[in-house]
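Fold and contact review
Listed here are the chains, written in short residue letters.
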Amino acid sequence: MRTYIGRQQAISAADFAELALGTPVELWLGVEGETDEERAAREDAARDILADNPDLPDDLIRIAAQVIEENPDLFDVIPLPRPARRRAARKGVAA
């Protein structure tokens, strides 16, 4: 099945996120090994985008909630068994 956002095809999860956000994911999350100067520039650009579209965070939360409601199977969580806790036997006399 092919997924399109507008006229653009989303091939990977990163493509989907970028098309849904309208910006590269790296703008918000950064990249490994970026310099302090690159980080400052990235954060300035993100601030500008948020200043131009202050409803963006609310819109993203709404989209995420919709995805969760429409695809609950994506979030099926199976609890892992926890090992039984063992108390160390104390040897000695209480003070």
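Sequence positions are assigned chain by chain, starting from 1 and proceeding in written order. For a predicted model such as this one, the threshold for reporting local features is a pLDDT of at least 70, and the threshold for listing and counting side-chain atom pairs is 80 or more; totals across whole chains, interfaces and linings nevertheless cover every residue. Here the side-chain values reflect all heavy atoms present in the structure, with hydrogen atoms and water set aside.

1. Focus: the overall build of the protein chain
- The numbering of helices and of strands both runs from the N terminus, where a helix is a DSSP run of H or I of at least 4 residues and a strand a run of E of at least 2. Regarding its fold elements, the protein chain presents 4 helices and 2 strands.
- Overall, the protein chain shows an N-to-C arrangement of helices and strands of β-β-α-α-α-α.
- Buried residues in the protein chain amount to 7% of all 95 residues.
- When checking whether two residues touch, look at their non-hydrogen atoms; a contact exists if any pair is within 4.5 Å. Long-range contacts, defined here as pairs at least 24 residues apart, represent 9% of the contacts in the protein chain between residues at least 6 apart. Burial here depends on accessible area, computed with a 1.4 Å probe over protein chains only, as a share of the maximum for the residue type. Under 20% is buried, over 50% is exposed, and the range in between is partly exposed.

2. Quick word on the layout of surface pockets
- The calculated volume of the largest pocket comes to roughly 180 Å³.
- Lining the largest pocket, in full, are Phe 16, Ala 17, Ala 20, Leu 21, Leu 60, Ile 63, Ala 64, Val 67 and Ile 68.
- Those elements that place two or more of their residues in the lining of the largest pocket are helix H1 (13-21) and helix H4 (56-70).
- The element contributing the most residues to the lining of the largest pocket is H4, with 5 residues. Only protein atoms enter the 1 Å grid used here, on which a cavity is any set of points holding a 1.4 Å probe that cannot leave and a pocket is any open set flanked by protein within 12 Å on both sides along at least five of seven lines; residues with an atom within 4 Å of a point are listed as lining. Grid points are joined across faces, edges and corners, and a volume is the space filled by probe spheres set on the points.

3. Concerning the pattern of salt bridges
- A carboxyl oxygen of Asp or Glu within 4 Å of a side-chain nitrogen of Lys or Arg is what we treat as a salt bridge. As enumerated under the stated definition, the model contains 4 salt bridges in all.
- With its nearest N and O atoms 3.1 Å apart, the salt bridge here joins Glu 43 to Arg 39. Of the two residues, Glu 43 and Arg 39 both sit in helix H3 (residues 36-52), 4 residues apart, roughly one turn of that helix.
- Overall, the relative accessible area of 45% leaves Arg 39 in the partly exposed class.
- Where Asp 44 meets Arg 47, a salt bridge forms, and the shortest distance between an N and an O atom there is 2.7 Å. In this pair, Asp 44 and Arg 47 both sit in helix H3, 3 residues apart, roughly one turn of the helix.

4. Observations regarding a nonpolar patch on the surface
- The patches reported here contain residues having more than 30% relative accessible area and no salt bridge. Joining distances are 9 Å for like charges and 5 Å for nonpolar side chains (Val, Leu, Ile, Met, Phe, Trp, Tyr). With residues, only the protein chains shown are counted as cover, and all accessible areas are computed by Shrake-Rupley using a 1.4 Å probe. On the surface, a nonpolar cluster with roughly 300 Å² of combined accessible area is contributed by Ile 68, Leu 74 and Phe 75.
- You can see Leu 74 is positioned in the segment after H4.

5. Things to note about the confidence of the model for the protein chain
- For the protein chain, mean pLDDT is 81; residues scoring 70 or higher make up 87% of the total.
- The secondary structure element of the protein chain with the lowest average pLDDT is strand S1 (residues 3-5), at 68, and the one with the highest is H3, at 93. Confidence scores labelled pLDDT are given residue by residue by the predictor and lie between 0 and 100.

6. Looking at the side chain of Thr 23
- Assignment of secondary structure puts Thr 23 in the loop between H1 and helix H2 (25-29).
- Judged by relative accessible area, which is 11%, Thr 23 ranks as buried.
- By the criterion applied in these results, polar contacts are pairs of N or O atoms within 3.5 Å in which, for protein atoms, one can donate a hydrogen and the other can accept it, and in which residues neighboring in sequence qualify only through two side-chain atoms. Within the local environment of Thr 23, its side chain forms a polar contact with the side chain of Trp 28, the two groups lying 2.7 Å apart.
- Setting aside anything within four residues of it in sequence, one finds Thr 23 in contact with Glu 18, Trp 28 and Ile 49.

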